[in-house]
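Understanding the architecture of this molecule
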Amino acid sequence: MTKYLILISLLASLLTTSAFAQTKAGDVTNGKRLYEKDGCYQCHGYVGQGGTAGPRLAQIRFPLAGFIAFVRNPPSGGMPPFRAKVLSDQELTDIYAYIKTIPEPKAAKDIPLLAQ
Ligand code: HEC
């Protein structure tokens, strides 16, 4: 009986560790590289500032899972879908980590020229 319990707990720990191993914390440098290589910048701007072709991504409100779901299947057709063959979950996690590092813009009151 205890043999089985040990086996079961071993299996359970194997399963949980492999689930965690699937996506590591995002790698910002690789995320920036992929953001440029896979063309996100073409519509969203080099620092995610947005433009005529795509909205702002800096200060993104989506959690990681929502971000991945969106990029895999953008609802409106304004953005091409990026399937798992093109960008893996890990690669999208890296891109997300990069987007998260983009600093907030200065408030208008902190720009001296605007106060003149
Ligand atoms: C051809 C232009 C284009 C490219 C390339 C593109 N996007 Fe988009 N993206 C859009 C448009 C347009 C929207 C607005 C929503 C829509 O129309 O589906 C959008 C929306 C988004 C959103 C939702 C933003 C929000 O807050 O609503 C995310 C996240 C996003 N894009 C991520 C990416 C990532 C990551 C890449 C690169 C892998 C990428 N996009 C490449 C055009 C593009």
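One can find the structure itself at the top, above this paragraph.
Reading guide: rules and limits
Residues numbered from 1 in each chain as written. Predicted model: local features only at pLDDT ≥ 70, side-chain atom pairs only at ≥ 80, totals over all residues. Heavy atoms only, no water. Buried < 20%, exposed > 50% of the residue type's maximum accessible area, 1.4 Å probe, protein only. Helix = DSSP H or I, 4+ residues; strand = E, 2+ residues; numbered from the N terminus. Arc of directions from axis to C-beta. Contact = heavy atoms within 4.5 Å. Polar contact = N/O pair within 3.5 Å; in protein donor to acceptor, adjacent residues only side chain to side chain. Near = heavy atom within 4 Å. 1 Å grid on protein atoms, 1.4 Å probe; cavity = no way out; pocket = protein on both sides within 12 Å on 5 of 7 lines; lining within 4 Å. Sits in = over half its atoms within 2 Å of the grid points. Nonpolar A, V, L, I, M, F, W, Y, C, P; charged D, E, K, R; others polar. Axes fitted to C-alpha atoms, helices over the stretch in contact; angles between N-to-C directions. Left-handed = near helix turned anticlockwise from the far one by under 90°. Points joined across faces, edges and corners; volume = space filled by probe spheres on them. Donors = N, O, S within 2.8 Å, 3.2 Å for Na, K, Ca; no water. Tetrahedral: all angles 85-135°; square planar, octahedral: opposite > 155°, others 65-115°.

1. Side note on helix α2 (residues 28-37)
Buried residues of α2: Asn30, Gly31, Leu34 and Tyr35, and no others. Take α2 and look down its axis: the buried residues cluster within an arc of 140 degrees, on one side only. Facing away from the buried side of α2 by more than 90 degrees, the exposed set consists of Thr29 and Lys37. Tucked into the core, α2 has its buried residues touching α3 (40-44) and α5 (89-101). The backbone nitrogen of Thr29 lies 3.1 Å from a side-chain oxygen of the residue at the head of α2, namely Asp27. Residue Gly39 follows α2 closely and has a positive phi angle near 85 degrees.

2. Some thoughts on the site of the ligand
Neighbouring residues of the ligand: 21 residues in total, closest Cys40, Cys43, His44, Ser76 and Met79. A distance of 2.8 Å separates a nitrogen atom of the ligand from a polar side-chain atom of His44. Within the side chain of Arg61, an N or O atom sits 2.9 Å from an oxygen atom of the ligand. Taken atom by atom, the bulk of the ligand overlaps the largest pocket. Those elements that place two or more of their residues in the shell around the ligand are α3 and α4 (64-72). For the shell around the ligand, a count of residues per class yields 16 nonpolar, four polar and one charged.

3. Observations concerning the packing of α4 against α5
Their axes nearest at 10 Å, the elements α4 and α5 cross at an angle of 115 degrees. Remark: the crossing between α4 and α5 carries right-handed chirality. Counting all contacts with α4, which are made through Leu64, Phe67, Ile68, Val71 and Arg72, the residues of α5 involved are Asp89, Leu92, Thr93, Ile95, Tyr96 and Ile99. Residues that form the contact of α4 with α5 fall into these classes: eight nonpolar, one polar and two charged.

4. Section: the layout of surface pockets
Left-over empty space is what a probe sized like a water molecule reveals as it rolls over the atoms. Quantified by volume, the largest pocket comes out at close to 550 Å³. Around the largest pocket sit 29 residues that line it, and His44, Pro55, Leu57, Phe70 and Met79 are the ones nearest its centre. For the lining of the largest pocket, the elements supplying multiple residues, two or more each, are α3, α4 and α5. Of the residues contributing to the lining of the largest pocket, the split by class is 20 nonpolar, seven polar and two charged.

5. Details of the coordination of the iron atom of the ligand
Where a metal carries four tetrahedral donors, each ideal angle is 109.5 degrees; where it carries six octahedral donors, the ideal angles are 90 or 180 degrees. Looking at the iron atom of the ligand, one finds its protein donor set to be His44 (NE2) and Met79 (SD), positioned 2.0 to 2.1 Å from the metal centre. Coordination geometry of the iron atom of the ligand: the six donor atoms subtend angles of 85 to 178 degrees at the metal centre, consistent with an arrangement described as octahedral. In this pair, His44 sits in helix α3 while Met79 sits in the loop between α4 and α5, placing the two residues 35 residues apart along the sequence. Classification of His44 as buried rests on a relative accessible area of 9%.

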